[in-house]
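Structural description and commentary
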Amino acid sequence: MEQMVNVFLFGKKYEVPASLTIMEAMEYAGYQLVRGCGCRNGFCGACATIYRIKGDRELKACLACSTQVQDNMYVATLPFFPLVKEVYDIEKVKPTEQIMMQLYPEIYACVGCNACTKVCPQGLNVMQYIAYAQRGEYEKCAEESFDCVMCGICSSRCPAGISHPQVAMLARRLNGKYLAPHCQHLDDRIAEIREGKFEALIESLMEKPLSEIQELYNNREIEK
């Protein structure tokens, strides 16, 4: 008999297998997930979730697709976590310190509490990449924030109201547009994709089991 645990989903008590993730527990309990779910593998950031454990006063945040349920877990989800997304034309902005001050001035109100780093489900040094953005070091900010999944959990804990993922996105766009060296073979690959050269390969990948796709991804060739 599989071990069962009690979880409270949106205030209602359910008994679910202890091996499930929060997202799987919701579906086990009968919820149909039409928002707040996506890749189901920790990459899209859509399932940011709030929870606490009975007897523990700390309110915690996580990704529901990759966090296992615990006994007496109280769970609540939001349609999305709060982020401010400024509108800009990447063809007109330039990689100067002033553009960050103009679009996201709140980054200069950072109090250095490091709450953003502590809560990041990807284990990123969020406060560090914000420091790079403050100094206009967009190459470093882009590298430090590369694995951000835009879940917004960091912003939900920020007393300065910083939209860390959007700051990082701007830094990566500025870096890719103006600072990173031009990559001709990337242009060639894009042209090949548009010509349909890889359609058969993509279809074959879609038929592979997730474990095999993960193995291919983990052992892919990475350009230095």
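Here, the structure is the one placed above.
Our subject in this report is the structure included herewith. (Residues numbered from 1 in each chain as written. Predicted model: local features only at pLDDT ≥ 70, side-chain atom pairs only at ≥ 80, totals over all residues. Heavy atoms only, no water.)

Some details on the sheet that holds strand E2 (residues 12-17)
What holds strands together in a sheet is hydrogen bonding between their backbones, with the strands either parallel or antiparallel. Taken in spatial order, the five strands make up an open sheet running E2-E1-E5-E3-E4, and their pairing is mixed. Both outer strands of the open sheet, E2 and strand E4 (60-63), are each paired with one neighbouring strand and no more. Neighbour-to-neighbour, the strand axes of this sheet turn through a mean angle of 35°, independent of strand direction. (Pairing = 2+ DSSP bridges. Helix = DSSP H or I, 4+ residues; strand = E, 2+ residues; numbered from the N terminus. Axes fitted to C-alpha atoms, helices over the stretch in contact; angles between N-to-C directions.)

Notes on a nonpolar patch on the surface
Nonpolar side chains collect at one region of the surface, where Leu-201, Leu-205 and Leu-216 lie side by side and expose about 260 Å² of accessible area between them. Here Leu-201 falls in the partly exposed class, since its relative accessible area comes to 49%. (Patch = residues over 30% accessible without salt bridge, like charges linked within 9 Å, V, L, I, M, F, W, Y side chains within 5 Å. Areas by Shrake-Rupley, 256 points an atom, 1.4 Å probe, with all protein chains shown as cover. Salt bridge = Lys/Arg side-chain N within 4 Å of Asp/Glu carboxyl O. Buried < 20%, exposed > 50% of the residue type's maximum accessible area, 1.4 Å probe, protein only.)

Here we look at the pairing of E4
Where strand E3 (residues 48-53) lies against E4, four bridges are found, and the strand directions are antiparallel. Across the sheet, residue Tyr-51 finds its bridge partner in E4, namely Lys-60. Adjacent in sequence and paired antiparallel, E3 and E4 are bridged by six residues, among which Gly-55 carries a positive phi angle near 95°.

Let's talk about the environment of Phe-81
Following the sequence through the fold, Phe-81 ends up in the loop between strand E5 (73-77) and helix H2 (97-103). Judged by its relative accessible area of 6%, Phe-81 is buried. Remark: the alpha-carbon pair of Phe-81 and Cys-110, spanning 29 residues in sequence, is separated by 19 Å. Here Phe-81 is in contact with Ala-48, Thr-49, Ile-50, Cys-151, Gly-152, Ile-153 and Ser-156, once residues within four sequence places are set aside. (Contact = heavy atoms within 4.5 Å.)

Limitation: the analysis is restricted to geometry and does not speak to function.
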